[in-house]
Amino acid sequence: MSRKTTNSFAGFPVPAAHDTRAVSLADAAVSLNTAGDYQAEISRLWADAQRRFVEIGRRLNEAKERLPHGEFLPMLARDLPFSRSVANRLMAVAAAMDEGVVPPRALPTSYSVAYEVVTLPREKIQQAIDAGQIHPNMTRAEALALKRVGEEAPPSPTEDIQSELERLLAEQDRIANRIAALKAKLAET
């Protein structure tokens, strides 16, 4: 069953049954005068955003499970204010949280960073949590670095140059041999 949208809130469609007054009241401007006031309010909102992205992922997982076959993907494409890729990431983070893969105290506050973390091998996640490498303020670069740990190091620039040079020299030999063969055929005629 699809709800019609009749208005919008923060640029996103709001179902007709949703009363935005409570949201507006909760987000009403508070008097912020000092750096500490702003830091506290921004931190509160950021923590709320983290809680909300996990909850959105849970609702997406629930919808995927409960909606009749063929309704979930069209809903994603047509009715939601984010892409299928974002939905998949939110769903993966929520599932990992529900499975206890990452404790709430360590979950990065950005859904995209949290996604990078929950897609690590389980044993690597636990080791990184124990080492303090996975934490709420973790950056995407830090998460990607964790993914690269244990992988083969990329070739150095010198190795890349040497490899290309060898490839070109082999190609040059092949071309020289082909030119010699064509010259020989011409000489025969």
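Residues numbered from 1 in each chain as written. Predicted model: local features only at pLDDT ≥ 70, side-chain atom pairs only at ≥ 80, totals over all residues. Heavy atoms only, no water.

On to the overall build of the protein chain, then. Each helix and strand counted, the protein chain has eight helices and two strands in total. Taken from N to C terminus, the helices and strands of the protein chain fall in the order β-β-α-α-α-α-α-α-α-α. Evaluated residue by residue, the protein chain yields a buried proportion of 22% over its 189 residues. Put simply, 49% of the contacts in the protein chain that link residues at least 6 apart link residues at least 24 apart. Element-wise, carbon and sulfur atoms account for 57% of the exposed surface of the protein chain, whose accessible area totals about 13,600 Å². (Helix = DSSP H or I, 4+ residues; strand = E, 2+ residues; numbered from the N terminus. Buried < 20%, exposed > 50% of the residue type's maximum accessible area, 1.4 Å probe, protein only. Contact = heavy atoms within 4.5 Å. Areas by Shrake-Rupley, 256 points an atom, 1.4 Å probe, with all protein chains shown as cover.)

Packing of helix α2 (residues 35-66) against helix α3 (residues 72-79) leaves a shortest axis separation of 9 Å and a crossing angle of 135 degrees. Of the possible angle classes, the one that applies to α2 and α3 is oblique. Contacts from Leu60, Ala63 and Lys64 in α2 reach Phe72, Met75 and Leu76 in α3. Looking at the contact of α2 with α3, its residues break down into five nonpolar, no polar and one charged. (Axes fitted to C-alpha atoms, helices over the stretch in contact; angles between N-to-C directions. Parallel < 35°, antiparallel > 145°, perpendicular 65-115°, else oblique. Nonpolar A, V, L, I, M, F, W, Y, C, P; charged D, E, K, R; others polar.)

Let us now look at the side chain of Thr109. Note that Thr109 resides in the loop between α4 (84-98) and α5 (111-118). The exposure class assigned to Thr109 is buried, which follows from its relative accessible area of 14%. Those residues in contact with Thr109 that lie beyond four places of it in its chain are Trp46, Gln50, Phe53 and Pro136.

On to the nonpolar core, then. Core analysis: the largest hydrophobic core is formed by 30 residues, its most contacted members being Val93, Val102, Leu107 and Ile134. Those residues in contact with Val102, other than ones at most four positions away along the chain, are Ala96, Met97, Leu107, Val117, Val118, Ile125 and Ile129. (Core = buried A, V, L, I, M, F, W, Y, C linked by side-chain atoms within 4.5 Å.)

Using the criterion set out here, one finds 15 salt bridges in the structure. A salt bridge links Glu55 to Arg59; its shortest N-O distance comes to 2.8 Å. With Glu55 and Arg59 both in helix α2 and four residues apart, the pair spans about one turn of that helix. Salt-bridge contacts for Arg89 lead to Glu116; the nearest nitrogen and oxygen are separated by 3.9 Å. Here the residue Arg89 occupies a position in helix α4, and Glu116 occupies one in helix α5, the gap between them amounting to 27 residues. Residue Glu116 is classed as buried on the basis of its relative accessible area, which comes to 6%. Salt bridges sharing partners connect three or more residues here, namely Glu55, Arg58, Arg59, Glu62, Arg66 and Asp98. (Salt bridge = Lys/Arg side-chain N within 4 Å of Asp/Glu carboxyl O.)

What follows deals with the packing of α2 against α4. α4 packs onto α2 with a crossing angle of 100 degrees between their chain directions and a minimal axis gap of 7 Å. The angle between α2 and α4 falls in the class roughly perpendicular. Facing Phe53, Val54, Ile56, Gly57, Arg58, Leu60, Asn61 and Lys64 of α2, the residues of α4 in contact are Ala87, Leu90, Met91, Val93, Ala94, Ala95, Met97 and Asp98. Residues that form the contact of α2 with α4 fall into these classes: 11 nonpolar, two polar and three charged.

Interpretation note: all reported values are geometric properties and have no functional meaning in isolation.
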